[in-house]
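The chain contents come next:
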2 protein chains.
Amino acid sequence: MSTAAIVVIGNEILSAKVADENGPWLSRELRGLGVDLRRIETVPDEVPIIVDSLRRALASAKWVFTSGGIGPTHDDVTIAAVAQCFGRKVVPDERILSALRAHLGDRLNPALRRLADVPEGSTVDWSPGSLFPVVSLENVAVLPGPPVLFKEGFARIRDRYRAAPIFSRALYFGVGEGTLAEHLDATVARFPSVSIGSYPRFDDADHRVKVTFDGRDQAEVRRAADFLRERVPAGALLRED
Amino acid sequence: MSTAAIVVIGNEILSAKVADENGPWLSRELRGLGVDLRRIETVPDEVPIIVDSLRRALASAKWVFTSGGIGPTHDDVTIAAVAQCFGRKVVPDERILSALRAHLGDRLNPALRRLADVPEGSTVDWSPGSLFPVVSLENVAVLPGPPVLFKEGFARIRDRYRAAPIFSRALYFGVGEGTLAEHLDATVARFPSVSIGSYPRFDDADHRVKVTFDGRDQAEVRRAADFLRERVPAGALLRED
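Residues numbered from 1 in each chain as written. Chains lettered and ligands numbered in written order. Predicted model: local features only at pLDDT ≥ 70, side-chain atom pairs only at ≥ 80, totals over all residues. Heavy atoms only, no water.

Draft legend 1. Looking closely at the relation of the copies chain B and chain A. Placing chain B over chain A gives an RMSD of 0.0 Å and needs a rotation angle of 180°, together with 0.0 Å of translation along the axis. The transformation relating the two chain copies, once decomposed into turn and shift, fits a two-fold axis. Ranked by how close their C-alpha atoms come to the rotation axis, the residues of chain B are headed by Glu41 of chain B, at 2.2 Å. Residue by residue, 98% of the interface of chain B is reproduced at the interface of chain A, so both copies engage with the same surface. (Least-squares fit on C-alpha atoms with pLDDT ≥ 70 in both. Contact = heavy atoms within 4.5 Å.)

Draft legend 2. Looking closely at the sheet that holds strand S12 (residues 237-240) of chain A. Residues and elements named next belong to chain A. Here we have four strands laid out as an open sheet, ordered S10-S11-S9-S12, and antiparallel in their pairing. What marks the edges here is a single partner per strand, and that holds for strand S10 (195-200) and S12. Strand-to-strand twist in this sheet, taken as the mean axis angle between neighbours without regard to direction, amounts to 20°. Relative to strand S11 (residues 209-215), strand S9 (residues 167-173) is paired through seven bridges, and the arrangement is antiparallel. Bridged to Tyr172 within S11 is Lys210. Most of the contacts of helix H9 (residues 218-231) go to S9, to which it runs at about 10°, and overall it touches S9, S11 and S12. (Pairing = 2+ DSSP bridges. Helix = DSSP H or I, 4+ residues; strand = E, 2+ residues; numbered from the N terminus. Axes fitted to C-alpha atoms, helices over the stretch in contact; angles between N-to-C directions.)

Draft legend 3. The arrangement of the pattern of salt bridges in detail. Applying the stated rule across the entire model yields 34 salt bridges over all chains. Residues participating in the shared-partner salt-bridge network are Arg39, Glu41, Asp52 and Arg56 of chain A together with Arg39, Glu41, Asp52 and Arg56 of chain B. (Salt bridge = Lys/Arg side-chain N within 4 Å of Asp/Glu carboxyl O.)

Draft legend 4. Looking closely at the pairing of strand S1 (residues 3-9) of chain A. All names here are of chain A. For S1, a buried count of seven out of seven residues is recorded, marking the element as mostly surrounded by other parts of the structure. Neither face of S1 is open: one carries Thr3, Ala5, Val7 and Ile9, the other Ala4, Ile6 and Val8, and all of them are buried. One ladder, built from seven bridges, connects S1 with strand S2 (residues 36-43); its direction is parallel. Each residue of the ladder has a partner; that of Val8, found in S2, is Thr42. Where S1 lies against strand S3 (residues 63-67), five bridges are found, and the strand directions are parallel. Note that in S3 the partner of Ala5 across the bridge is Val64. (Buried < 20%, exposed > 50% of the residue type's maximum accessible area, 1.4 Å probe, protein only.)

Draft legend 5. Representation of the sheet that holds strand S10 (residues 195-200) of chain B. Residues and elements named next belong to chain B. Judged by pairing direction, the sheet is antiparallel, and its four strands sit side by side in the order S10-S11-S9-S12 without closing on themselves. Of all strands in the sheet, those with a lone pairing partner are S10 and strand S12 (237-240), marking the two edges. Neighbour-to-neighbour, the strand axes of the sheet open up by a mean angle of 20°, direction not taken into account. In the packing of helix H8 (residues 177-190) onto the sheet, contacts are made with strand S9 (167-173), S10 and strand S11 (209-215), and the angle to S10 comes to roughly 175°. Packed on one face of the sheet, helix H9 (residues 218-231) meets S9, S11 and S12 and runs near 10° to S9.

So, to be careful, I would describe these as geometric facts and stop short of saying anything about function.
Structure (structure tokens):
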């Protein structure tokens, strides 16, 4: 089963200075790839908390992505946390270091040298023109926080994650969840391989409840939607997609 | 110290059907109230995972907020998870139940009756015209997922959380993090009570790095910003706020 977890690292998100774009964006990408996202944790720039979050992410999903905490300053601690999580040393990657030397010359100070640091044994996706490397260790991929770099980094590695597609259907009802609940319960019990969600609206939407059906078996997803459609009172269903 | 954690509950967010608005919105509210947000976890509609997340939230922060998983259908399991987290039974709240009876009459079926369920010993913020109760147990407040209801529910309880204000300053630089790093390190070492963040830009912003200073002691926050400003090369600072 292809599952994922995201660890978003950054005091700036918890303090609401910046809205996280990477978690929602990667959620959509993973969905498109057929990967089942199991959790997102947003945590501060503190190594022990990040290590704990990485361990939980690895225990709950196959693939783990980190967002943020990459760079040359004191609050960039993601590489150290990933190394600690796997009991590895932090070492300079020679390829990145030579590129930095070539690019920066004698402006390559100790802070900038940190840009070449990786957990020992990492895979480094890097091309000479890149602004930053994408570092992966076992099933953890380390991506930078600025959204433009996050997206560029994920594009370099996304083909690794393609899985069997997830199929979806949705039914939109003009009646409330109270009326639908018993029929939903029966549908959930009958189709255990289909994930069924019920989402009421309290604004001026054209429907009161949207019910979604998700699964890897397209025929079973369709059967679950058909089963519910046939049980609900006539006229309750407004539309479907 | 006034700290908080948010547990966002919902398969619809992990599957990217819906973008979470409540986490970012509550982050901003908490910041305005002077509450230090320590973590956000987004988890599926599964009781054991929610219980685990609640326990971690309670261990890492004083106040815990849940978003979503409230209602009469099979995927609404937040009340059960909060009860389990504290080893309480789920019981009907008589005040909510009578309001449901008055409002729904003989349409009050077993599913809708679940809307009155609360963990035993909860505080219930409810007024007769309310669409939903805000249930709190010890330091956990349970809020509904639809953003319009989430905001209305938080408004009922927000005065509980007001704390000493957090003061902020920001410096904007035209040089990169590599140049700033050693001066940042010195500032971080000198002002341990001030939280200092460094945020590089890789788009067409008017600055290359924004450095932020946050703390409860306004004078110390100002001193930290002054200290960094005086150390960086002349001309590097573009503006401040």
